[in-house]
Amino acid sequence: MKLLIIGPQASGKGTQADLIAKRLGVPHLSSGDLLREEKRSGSPLGNEIAALIDKGELLPDMLVWEMIRKRLAEHPEGWVLDGFPRTTSQAAMLDAYQTPEKVVLLDVQDAVCIDRITGRRVCAACGKDYHIKYKPPKREGVCDNDGKELVQRGDDHPDAVRRRLADYHAKTEPLLHRYQDRLIKIKGDQGIQEVWAEIRKRMGI
Ligand code: AMP
């Protein structure tokens, strides 16, 4: 199964993409995770993209596409793609290569996203994500995986959040029309388990 998951920042895309991918036995490919991995590596490319990511700006289409294309090529059996495509030109690149069979939309109002983003924390070392209210770590401020410090992402600060939500409405939402024949719209402003139950029911998985 080749599946896209679309939604605004903090709509729960990463969490639900993980659940769907495990259920279907395919990898969860997240453009944001791949880019943050590159950023953490301290490579010349990583340093170049770090500033743009922290400001909440979209990276050049070709740069992100090259990274995603390599991963798609490694997994002909299928994937759950999260964070890509984010613009109509990215969608055209993807569709010309392999078009998704299903598209899950997590529908969440901006106000809910902003509330969720404020509480979001990530591990500075491994990148695992948490939420102080909805998905807390076992020990406050510390990653369950590796015991390292939890921090707020640079692009989770208010100015960057506003920029990313505006980009989502202007550039990513038009993709819903493109994929309307395979769109599964889910009410995303519920708890993790409720959203997951609705996805399973609607997809029959
Ligand atoms: P995310 O974790 O999906 O919110 O992505 C974090 C950041 O990575 C975004 O704010 C962008 O700066 C960059 N990014 C991720 N995916 C894309 C994409 N498809 N196109 C351009 N930039 C992206």
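As shown above, the structure is provided for reference.
Everything numeric in this text was worked out from a predicted model, so none of it was measured.

The phi angle of most residues is negative, glycine excepted, and most peptide bonds adopt the trans form. Omega for the bond connecting Phe84 with Pro85 falls within 30 degrees of zero, at 0 degrees, which places this linkage in the cis form. Its location among the elements puts Pro85 in the loop between strand S3 (79-82) and helix H5 (88-97). In this structure, Ala10 is a non-glycine residue whose phi angle is positive, near 65 degrees. The residue Ala10 is located in the loop between strand S1 (2-6) and helix H1 (13-24) in this model.

Right, let's talk about the sheet that holds strand S8 (residues 183-187) for a bit. Overall, parallel pairing links the 5 strands, which are arranged S2-S3-S1-S4-S8 in an open sheet. Unpaired on one side and paired on the other, strand S2 (28-30) and S8 mark the two borders of the sheet. Taking the axes of each pair of neighbouring strands and ignoring which way they run, one obtains an average angle of 20 degrees across the sheet. In terms of strand pairing, strand S4 (residues 102-107) meets S8 through 5 bridges, oriented parallel. Each residue of the ladder has a partner; that of Leu105, found in S8, is Lys185.

As a further point, take the site of the ligand. Neighbouring residues of the ligand: 16 residues in total, closest Ser31, Arg36, Glu57, Gly83 and Gln90. The separation between an oxygen atom of the ligand and a polar side-chain atom of Arg36 is 2.8 Å. Here a nitrogen atom of the ligand sits 3.0 Å away from a polar atom, N or O, in the main chain of Leu59. Coverage of the ligand by the protein amounts to 96% of the 480 Å² it exposes when considered alone. Within the shell around the ligand, the residues separate by chemical class into 6 nonpolar, 4 polar and 6 charged.

This part takes up the state of the cysteines. In the structure shown here, the tally under the stated rule is 0 disulfides. Of all cysteine sulfurs, the one in Cys126 lies closest to Cys123, which takes part in no disulfide; the gap is 3.8 Å. Take Cys123: its relative accessible area is 2%, and that puts it in the buried class.

Core analysis: the biggest nonpolar cluster contains 24 residues, and Ile6, Ile68, Leu72, Leu81 and Leu94 have the highest contact counts within it. Elements supplying a minimum of two residues to this core: S1, helix H2 (31-41), helix H3 (44-55), helix H4 (61-74), S3, H5, S4 and helix H8 (174-178). Top contributing element to this core by residue count: H4, with 5 residues. In contact with Leu94, other than residues within four places in its own chain, are Leu4, Trp65, Leu72, Trp79, Leu81, Phe84, Pro85, Thr99, Pro100 and Tyr179.

What counts, and at which threshold
- Residues numbered from 1 in each chain as written.
- Predicted model: local features only at pLDDT ≥ 70, side-chain atom pairs only at ≥ 80, totals over all residues.
- Heavy atoms only, no water.
- Helix = DSSP H or I, 4+ residues; strand = E, 2+ residues; numbered from the N terminus.
- Pairing = 2+ DSSP bridges.
- Axes fitted to C-alpha atoms, helices over the stretch in contact; angles between N-to-C directions.
- Near = heavy atom within 4 Å.
- Polar contact = N/O pair within 3.5 Å; in protein donor to acceptor, adjacent residues only side chain to side chain.
- Areas by Shrake-Rupley, 256 points an atom, 1.4 Å probe, with all protein chains shown as cover.
- Nonpolar A, V, L, I, M, F, W, Y, C, P; charged D, E, K, R; others polar.
- Disulfide = S-S within 2.5 Å.
- Buried < 20%, exposed > 50% of the residue type's maximum accessible area, 1.4 Å probe, protein only.
- Core = buried A, V, L, I, M, F, W, Y, C linked by side-chain atoms within 4.5 Å.
- Contact = heavy atoms within 4.5 Å.

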